[in-house]
Amino acid sequence: MDLHSRDVKQDVRELGALLGDVLAEQTSEGAFETVEEIRTTAIDYRKGEQESREELDQILEALSPEGESVVARAFTTYFELINLAEERERARAVREGSQSGDLEDGLVATVESLIEADADPETVQHILDDVLIEPTFTAHPTEARRKTVKAKLRSIANRLEELDERRVTDREHDQLWRKVDAEVTSLWQTSQVRERRPEPQDEARNVQWYIESILFDVVGEVYAEFEDLLAEEYPSVDVPKLFEFRSWAGSDRDGNPFVTPEVTTDTLERQRGVVLEKYSDSLKRLSGVLSQDGRRVDVGAELERSLKSDRARLPGVATEAEERYPGEPYRQKLKLMRERLRRIEDVRPDGYAEKSEFLDDLQTIDRSLRSVGADVVADEYVEPLTRQVDTFGFTLANLDLRDHQKNHTEAVHEVLANEGIDYRGRDEAGRIEVLTEGILQSEPVIDLEDPGDVSETADRVLRRFEMLGEWQREFGVSAIDTYCISMTEEPSHVLEVLFLSDQAGVVSLPDHCGLDIVPLLETESALNGARRIMGTLFENEAYGKALAARNDTQEIMLGYSDSNKENGFLAANWDLYKNQRRLATICDDFNVKMRLFHGRGGSISRGGGPMNEAMLALPNETVSGQIKFTEQGEAIAEKYANPQIAERNLEQMLNAQVRARYRAIREPVENVRDEWIEAMDEMAPAARTQYRDLLESDGFVTYFGQATPIGVIEDLNLGSRPASRSGERTVEDLRAIPWVFSWTQSRCIITGWYALGGGIQAYLDAGGSIETLREMYHEWPFFRTTLDNASLALARTDFEIAEYYADLADDDLREEFFPHLEAEYERARDIVLEVTGQDSLLRREWLSESLRRRNPYVDPLNVLQTHLLTKTHRTDEEEQTLRLTVKGIAAGMKNTG
């Protein structure tokens, strides 16, 4: 049976042709011919039919400002459409693999892996009870597309899906294609560049859309399929909650002064309103199904008791339900449940106090239906809703708070100084002593409502903690129960947050701790000082009681982005691997359960790459079953904008986590050969030294500013958060996202491979063996994933294009740095190919095909961008075009930072 009527080549061809027609209609035939000439010239060069890009350079240099704008818009729009075509192809592959039963890393493979490993039912239950996967959506400024543009693209994607998956008549085909034509025309007429910087509420709504529109429905489908497959081989195993979605959008304060308590309140209110409305709609649909006649079926004593309780609670509504649905107990119950949902946000009493009460009612209906032989009705209509409630609760996505440690330190210093306590002047031990005593004493030390004369920074921190208590009382403790501390370097940085939480009434030891306090370890000093930091906390009387109240579970976040920016790709990856094992040992020594929170970005340079492969590459010691990781920017759209692809991502993550947890149960300490550890210990320090030497070279920061479009990126309205922490142009101060984004735009992605070749060569020069490296690649998931990710960054690097950017720099800086970077690229490429034994940097043919398809179209945007960057005085139109080239290259590379 043919599942699809189209393929990616047809989609690309027809969308490209349609864009050409729209271009000619909306501009002129001459403009269309110019774009065609640029397109074919770029293709001819890539095919080897032209010796140089001189002709392409001449065409672009001769363009008027208006012509430049048209070209930038044309190629940017092309990439937006081609991305949809490739998304459709991914969806086809998922459907076809599902139909044939050979979908790699899918749910079928998950169950088969357990069977092949001879896992008994008790072990399988143990694994599933341990597993909890927590994708955490952030609002970091890496989404280059406007919301309006995304909405139009989603409409086009839906039409392509209809054309591909529906059997349509010729007339229906023409009608659908006219709708595509209309959307592409509207897209052409729509500004691609934001005129204003998005506000935190915009970012929160963006994250909310993916959760409410896609994941809310997809989760139930994943559970249903997994339960069916598992029941065939393990009928006694119950599937517990496996997924929970969290968000930083609207609550992450680190470096973003615009995320105020009002923004967080608005986010919590809006998310609750959305999810309650979805539940109410589900109950209304369910009422259309559960029309059973109570005189013909015995619904059971449990449901009758539940109805009786509701009638006593809501007599007026109960009477109305009985009059509207006489003799139909399920419908009566559902109407009462809808009223209780409505009253959650109402001043009237008797709304559901907790999601557990709502779940109890759903499970009562579920058991009643099964008692009357309506199992299929319960499976199809009640069970999916039960899974949704268990996953999304009354919050849709639980929020994490986050701020920089220095802000907490300043707030604590100022507020304690007003009480006559010198906090700033104490050493670390003295600070710990003050904080511990303050947490343990029964009376408050400070008055959060009236803290005295404090700075604006301190006032913001103190007001947030005051509001935290109100948020938990209004929305429930689980709605906002995690506080992440950026740049944690000392135990006191964690105790400061515990102290402020205690003063806010969120913590009341030893009985209650309403917060997971999460240190973010992202610098080399913090990672290497992990035993001192965490050990001190675990031995601290106050913190020990807080941990006990949180089930002795410690969440620790690892910062991939800043670690890479500080140490370079290879050294950062090795540091993170070693320190994960070290943290596991520390937690085990203190009998504390560890949950790692991986602060991964979308790009390889910031910890990105296939999430399922990353999960399988984690050290066994760290795989407790619970895992948390950030999802950012374009990666969110790529993974979660299409329901079929979103479902596939969840299945792959579940597959990886189940397999990883089973492996960790069987082998709690990963057996890594000593010679492999020694090899990495030789490579990583050498790579770090080489990387730091580059960053600290005289003139390199200036070269970076001249040979990348960082100046444009800093001014783009990508997100609500500033590009740097202090506004200074230094590598240390610059956020990791624009640092990576700038190198990606210039096609010189040093953040994903620089010093890799140097590090490996240092190992070989010291007597290391290439055969050992090959064994490491084939047998050690960590090393294989590291090299595979570097291969992706190398494959996307193009030094012929990078040379255009290097030519923007001062001659002396260009001559010093560009040849060196090119030589390092070639060394890394050659060594990676030698170690992997592959002929190409890319293992996956579809990815190679995608790059071949894209490169000729990205090239003109890069050349045009460098042409505009040479101009010291740009008109407003040229400035707008320059910004648009950034968006277009990001779409073409499918990556920002």
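Refer to the preceding data block for the structure.
Residues numbered from 1 in each chain as written. Predicted model: local features only at pLDDT ≥ 70, side-chain atom pairs only at ≥ 80, totals over all residues. Heavy atoms only, no water.

## Thoughts on the nonpolar core
In step 1: Ranked by internal contacts, the top residues of the largest apolar core, which has 113 residues, are Met683, Tyr703, Trp780 and Phe783.
In step 2: It is helix H4 (residues 65–100) that provides the largest number of residues to this core, a total of 11 residues.
In step 3: Ignoring anything within four residues of it in the chain, the contact list for tyrosine 703 reads Trp743, Ala806, Ala809, Leu813, Arg814, Phe817, Phe818 and Leu821. (Core = buried A, V, L, I, M, F, W, Y, C linked by side-chain atoms within 4.5 Å. Buried < 20%, exposed > 50% of the residue type's maximum accessible area, 1.4 Å probe, protein only. Helix = DSSP H or I, 4+ residues; strand = E, 2+ residues; numbered from the N terminus. Contact = heavy atoms within 4.5 Å.)

## Let's talk about the pattern of salt bridges
In step 1: For the coordinates displayed, the defined rule picks out 84 salt bridges.
In step 2: With its nearest N and O atoms 3.9 Å apart, the salt bridge here joins arginine 166 to glutamate 172.
In step 3: Salt-bridge contacts for glutamate 383 lead to arginine 387; the nearest nitrogen and oxygen are separated by 3.2 Å. Residue glutamate 383 and its partner arginine 387 are both found in helix H15 (residues 375–392); the two are separated by 4 residues, about one turn of the helix.
In step 4: Classification of glutamate 383 by relative accessible area gives buried; the value is 19%.
In step 5: On the basis of relative accessibility, which here comes to 8%, the residue arginine 387 falls in the buried class.
In step 6: If you follow the salt bridges from partner to partner, you end up with Glu134, Lys241, Glu244, Arg246, Asp400, Asp481, Asp516, Arg550, Glu555, Arg595 and Lys628 in one network. (Salt bridge = Lys/Arg side-chain N within 4 Å of Asp/Glu carboxyl O.)

## Structural notes on helix H32 (residues 756–765)
The α-helix winds at 3.6 residues per turn, so residues separated by three or four positions along the chain end up facing the same way.
In step 1: For H32, the full list of buried residues reads Leu756, Gly757, Gly758, Gly759, Ile760 and Tyr763.
In step 2: Looking at the packing, one finds that the buried side of H32 touches helix H24 (569–589), helix H28 (674–695), helix H33 (770–779), helix H34 (781–796) and helix H36 (811–836).
In step 3: Backbone geometry just after H32 places glycine 767 at a positive phi near 105°.

## Things to note about the sheet that holds strand S7 (residues 516–521)
In step 1: The parallel closed barrel is built from 8 strands, whose spatial order is S1-S2-S3-S4-S7-S8-S9-S10.
In step 2: Pairing of strand S1 (residues 132–137) with strand S2 (residues 246–247), which is carried by 2 bridges, proceeds in the parallel orientation. Among the inter-strand pairings, threonine 136 is bridged to a residue of S2, identified as arginine 246. (Pairing = 2+ DSSP bridges.)

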